[in-house]
Amino acid sequence: MTPPLLEVREVVKAYSMGSVLSRHRIRAVEGVSFTMKAERPEIFTIIGESGSGKTTLARMILNTVSPTAGTIRFRGTDLSKIWRGRDRLAFMRGVQPIFQNPFDAFNPLKQIDRYLFTTARRMAGLRTVKEIEDRADQALKKVGLSLVEIRGRFPHELSGGQLQRIAIARALISTPALIVADEPVSMIDASLRMSIVNLLRNLRDEMGVSIIYITHDLATAYYISDRIIIMRKGRVVEGGDARAVLDNPQHPYSIQLKQAVLSPDAAGSGGALLSAGLVESQAELGELT
Amino acid sequence: MAPATAAPRAPAKENGKAEATIEPVLVVSGLRAYFQTSSFGVEREVRAVDDISFHVGANEIYGLAGESSSGKTTLIKTVAGAIRPPLRVLSGSVVFDFRGRRVSVYDSDPQVMDEIRWKHLSYIMQGSMNVLNPVRRVRHSFVDFAFRHIGRKMPEFMDIVRTHLQRLHLTPAVLDAYPHQLSGGMRQRVTIALATVCRPEFIIADEPTTALDVIVQNGVLAMLRDVQREIRSSIIFVTHDMAVHANLCDRLGIMYAGRLVEEGRTADVFKAPKHPYTAHLIASLPRIGYVAARKGLEGTPPNLADPPSGCRFHPRCPLAADICRRQAPPMTWSSPGHRVACFAAATGSAQ
């Protein structure tokens, strides 16, 4: 039996805060477990408010932050046991990130094609200029762009949607099995957002790439996800099949979350549906006083 | 600059029946504001606001939608009179009517504008972290922003601030906190409190909830709506999130590449969008419970330094005809209270 693509078991991450005298620990992620199977690619969505630990979890899966307790295995390899450069490179080929703000992800003084070429050289191990350019062009074609369009361009010459496509193309160069996308559409304009979301769906359906999609937008999560977990304060409060969970949430927090989503169908209601949030604000006041 | 004598009339008075009763608080007519730079003899002109006319009625929330670089922030900065070179106003006028007191932003003395700001016209900014001084307590920000405009003695002023904070479901303890001690939602509520403490007639809100989570966003919007109802002010609310517009705004204006392309009552715009861009924006919104494939819009937003000829939307428009490439469509009334700038919409085929 092949090992699962990704196995996250009872992962905990605690950060120490404060000075020497008033030290306390914040548990950003507390006992999260899930498994992604290797046989069938899927889009696995992590939903949560800011401070719920979803980005910390993503960083642990990318192996840039190591968990305080628990294990993460990628294709059976424990991430904390990766020491050698060769193993690390193999891991990075298999798991690639996409970040939230494409304008921050790229150096404004660097031509955008350099990122693709460097990735092709380092991750895919290509040597000749022609091979590298062909690979970059292939990856760009998959996201609806081509090398001719972006050669020699700087980030400020491209729109947010194009940059995010290039970020995805860059991630695809090493033919990864898993892409970790941390809020990939929250900085993208409304008219371009759906094309990026559709692109993620195509990656799953046509290229067999599994995606961990991190977001706080329930509507796009419903649109593309297969499975979903809802996180709050580092814990998973509810999880399962995406449609089932979002159609009929059980946990009080999930219900509140779904109620707070503003529906475009309420046009002209004059704010009748705005109210659910005040419950939360009262709780917040309690913490300050 | 338009002569001050040419008092602009509200377009609604000529056309709509329903809005004829509403006195406009703000009338913007023919406003053009360009970024003009010249370095080493190279002249560049970015037409961020190009011939925009609209009005906002009393006690009304007017939504402005559009993607980034569509000029919506430039428009509201120009409306607020908060512009600096290289941004220049080339023509048009912005006239406020603060309960009988008429102020034309670009024909008034700076002293008049200083007096108006915050007392009658306030501004909720996007990044709450950048508005509040990170090294001073929140109390200091209130004194800084509002003390002079309220014109009371200090203890009395602090009482007013405390009651106002309680009205916004904030404990007066926030006054002694530093901004970093507050959560994002609380900070945003503090900036809303700052903008409303003088009970202004007009509030300009620039993406006040963009960085917030759904639950917090919902609460902040509900609060803004309650405050608006209580002090009966008008709001221009800018965001690119159509779902927020649907739930909050009375009327909605859609901007594309520096121009207003459609305007109407929110329910009308969502039910029967006339401009192909609006129609696309609304059709592409994902909804919980629907999984049918939704298309993104092809192409990229235009570069405002070199905008396309004719209608600026034509390179991405599925209905583009020959005339769209040559001529910019004028804003025309399609039904009472609903106007659109599109040749195709005039024949009723935009949907």
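Residues numbered from 1 in each chain as written. Chains lettered and ligands numbered in written order. Predicted model: local features only at pLDDT ≥ 70, side-chain atom pairs only at ≥ 80, totals over all residues. Heavy atoms only, no water.

1. With respect to the sheet that holds strand E2 (residues 24-36) of chain A
Residues and elements named next belong to chain A.
In step 1: One open sheet holds the 4 strands; their spatial order is E2-E1-E4-E5, and the pairing between them is antiparallel. Both outer strands of the open sheet, E2 and strand E5 (77-78), are each paired with one neighbouring strand and no more.
In step 2: Where helix H1 (residues 54-61) meets the sheet, its contacts fall on strand E1 (6-17), E2 and strand E4 (69-74), and the angle it forms with E2 comes to roughly 60°. (Pairing = 2+ DSSP bridges. Helix = DSSP H or I, 4+ residues; strand = E, 2+ residues; numbered from the N terminus. Contact = heavy atoms within 4.5 Å. Axes fitted to C-alpha atoms, helices over the stretch in contact; angles between N-to-C directions.)

2. Topic: the nonpolar core
In step 1: In this structure, B:Leu26, B:Phe54, B:Phe202 and B:Phe237 are the most contacted members of the largest nonpolar core, which totals 76 residues.
In step 2: Ranked by residues supplied to this core, first place goes to helix H8 (residues 214-231) of chain B with 7 residues.
In step 3: If near-sequence neighbours (up to four positions away) are discounted, B:Phe202 is found in contact with B:Val25, B:Leu26, B:Val56, B:Phe96, B:Phe98, B:His120, B:Leu121, B:Ser122, B:Ser233, B:Ser234 and B:Ile236.
In step 4: By size, the runner-up hydrophobic cluster in this structure holds 42 residues, among which are A:Leu140, A:Ile168, A:Ala171 and A:Ile224. (Core = buried A, V, L, I, M, F, W, Y, C linked by side-chain atoms within 4.5 Å. Buried < 20%, exposed > 50% of the residue type's maximum accessible area, 1.4 Å probe, protein only.)

3. Describing the packing of aromatic side chains
In step 1: Considering all chains together, one arrives at 11 aromatic pairs over all chains under this definition.
In step 2: Between B:Tyr256 and B:Phe313 the ring centres are 5.0 Å apart and the planes differ by 85°, which places this aromatic pair in the edge-to-face class. Linking B:Tyr256 in strand E9 (residues 251-256) with B:Phe313 in the loop between helix H11 (276-283) and helix H12 (322-326), this pair joins segments that are 57 residues apart in sequence. For the pair shown, B:Tyr256 and B:Phe313 are each scored as buried.
In step 3: Cluster of aromatic residues (ring-pair linked, three or more members): B:Phe96, B:Phe98 and B:Phe202.
In step 4: Looking at A:Lys13, its charged tip hangs above the ring of A:Tyr15, at a distance of 5.2 Å from the centre.
In step 5: It is A:Lys110 that lies over the ring of A:Tyr115; its NZ or CZ is 4.5 Å from the centre. (Phe/Tyr/Trp six-rings, centres within 6.5 Å; stacked < 30°, edge-to-face > 60°. Lys NZ or Arg CZ within 6 Å of the ring centre and 35° of its normal.)

4. Thoughts on the sheet that holds strand E2 (residues 42-57) of chain B
All names here are of chain B.
In step 1: On the basis of which strands lie adjacent, the open sheet formed by 4 strands has the order E2-E1-E4-E5 and antiparallel pairing. Each edge of the sheet is formed by a strand with only one pairing partner; in this case those strands are E2 and strand E5 (101-104). Between one strand and the next, the sheet's axes are offset by a mean angle of 10°, whatever the strand orientation.
In step 2: In this sheet, E5 lies alongside strand E4 (residues 87-98) in antiparallel orientation, the contact comprising 4 bridges. Bridging from a neighbouring strand, valine 95 pairs with serine 104 of E5.

5. Overview of a nonpolar patch on the surface
In step 1: On the surface, a nonpolar cluster with roughly 240 Å² of combined accessible area is contributed by A:Tyr15, A:Met17 and A:Ile26.
In step 2: Relative to the helices and strands, A:Ile26 is located in strand E2. (Patch = residues over 30% accessible without salt bridge, like charges linked within 9 Å, V, L, I, M, F, W, Y side chains within 5 Å. Areas by Shrake-Rupley, 256 points an atom, 1.4 Å probe, with all protein chains shown as cover. Salt bridge = Lys/Arg side-chain N within 4 Å of Asp/Glu carboxyl O.)

6. A word on the packing of helix H5 (residues 138-150) of chain B against helix H7 (residues 184-196) of chain B
Residue and element names in this part refer to chain B.
In step 1: Interaxial distance between H5 and H7 falls to 10 Å at its minimum, and their mutual angle equals 25°. Between H5 and H7, the interaxial angle falls into the category roughly parallel. As H5 packs across H7, the resulting crossing turns out to be right-handed. Of the residues in H7, those in contact with Val138, Ser141, Phe142 and Phe145 of H5 are Val190, Ala193 and Leu194.
In step 2: A per-class count over the contact of H5 with H7 returns 6 nonpolar, 1 polar and no charged. (Parallel < 35°, antiparallel > 145°, perpendicular 65-115°, else oblique. Left-handed = near helix turned anticlockwise from the far one by under 90°. Nonpolar A, V, L, I, M, F, W, Y, C, P; charged D, E, K, R; others polar.)

7. Quick notes on the interface of chain B and chain A
In step 1: Across the boundary between the two partners, chain B contributes 54 residues, which contact 52 residues of chain A.
In step 2: For the pair chain B and chain A, the summed buried surface comes to about 4300 Å²; carbon and sulfur atoms form 63% of the total.
In step 3: A per-residue breakdown of the area chain B buries against chain A is headed by B:Ile215, B:Asn247 and B:Ile288, which together make up 18% of the total.
In step 4: Between chain B and chain A we count 0 salt bridges in total.
In step 5: Inspection of the region where chain B meets chain A yields 1 residue pair in polar contact (both at pLDDT 80 or more).
In step 6: Of all the elements in the fold, those that place two or more residues in the side of chain B that touches chain A are H7, H8, helix H9 (242-248), helix H10 (266-271) and H11 of chain B. (Buried area = accessible area lost by both parts, 1.4 Å probe. Polar contact = N/O pair within 3.5 Å; in protein donor to acceptor, adjacent residues only side chain to side chain.)

8. Details of unusual backbone geometry
With the exception of glycine, the majority of residues adopt a negative phi angle, and the majority of peptide bonds are in the trans configuration.
All names here are of chain B.
In step 1: The omega torsion of the bond from proline 85 to proline 86 falls at 10°, within 30 degrees of zero and hence cis.
In step 2: Residue placement: proline 86 occurs in the loop between helix H2 (72-80) and E4.
In step 3: A positive phi angle is found at asparagine 59, which is not glycine, with a value near 60°.
In step 4: Within the secondary structure layout, asparagine 59 lies in the loop between E2 and strand E3 (61-65).
In step 5: For asparagine 59, a relative accessible area of 27% translates into the label partly exposed.
In step 6: Phi at arginine 99 is positive, roughly 45°, even though this residue is not glycine.
In step 7: Looking at the secondary structure, you find arginine 99 in the loop between E4 and E5.

9. Points about H2(B)
In an α-helix, one turn spans 3.6 residues; hence positions three or four apart end up facing the same way.
All names here are of chain B.
In step 1: Summarising burial for H2: 7 of the 9 residues are buried, a large majority.
In step 2: Restricting attention to buried positions, one finds in H2 the residues Lys72, Thr74, Leu75, Ile76, Thr78, Val79 and Ala80.
In step 3: Following H2 by one or two positions, glycine 81 adopts a phi angle in the positive range, close to 70°.

10. Here we look at the pairing of strand E3 (residues 43-48) of chain A
Residue and element names in this part refer to chain A.
In step 1: Most of E3 sits inside the fold, with 6 of its 6 residues counted as buried.
In step 2: Taking every second residue as pointing to the same face, both faces of E3 are buried, with Ile43, Thr45 and Ile47 on one and Phe44, Ile46 and Gly48 on the other.
In step 3: Note: E3 against strand E9 (residues 227-232), 5 bridges, orientation parallel. Bridging from a neighbouring strand, phenylalanine 44 pairs with arginine 227 of E9.

11. A few points about helix H5 (residues 129-142) of chain A
Residues and elements named next belong to chain A.
In step 1: Helix length check: H5, at 14 residues, gives a terminal C-alpha distance of 20 Å against a target of 20 Å (1.5 Å per residue), a fit within 8%.
In step 2: For H5, the full list of buried residues reads Ile132, Ala136, Asp137, Ala139 and Leu140. Burial along H5 is one-sided: seen end-on, the buried residues are contained in an arc of 165°. Turned more than 90 degrees off the buried face of H5, the exposed positions are Lys130 and Lys141.
In step 3: Residue glycine 144 follows H5 closely and has a positive phi angle near 85°. (Expected span 1.5 Å × (residues − 1). Arc of directions from axis to C-beta.)

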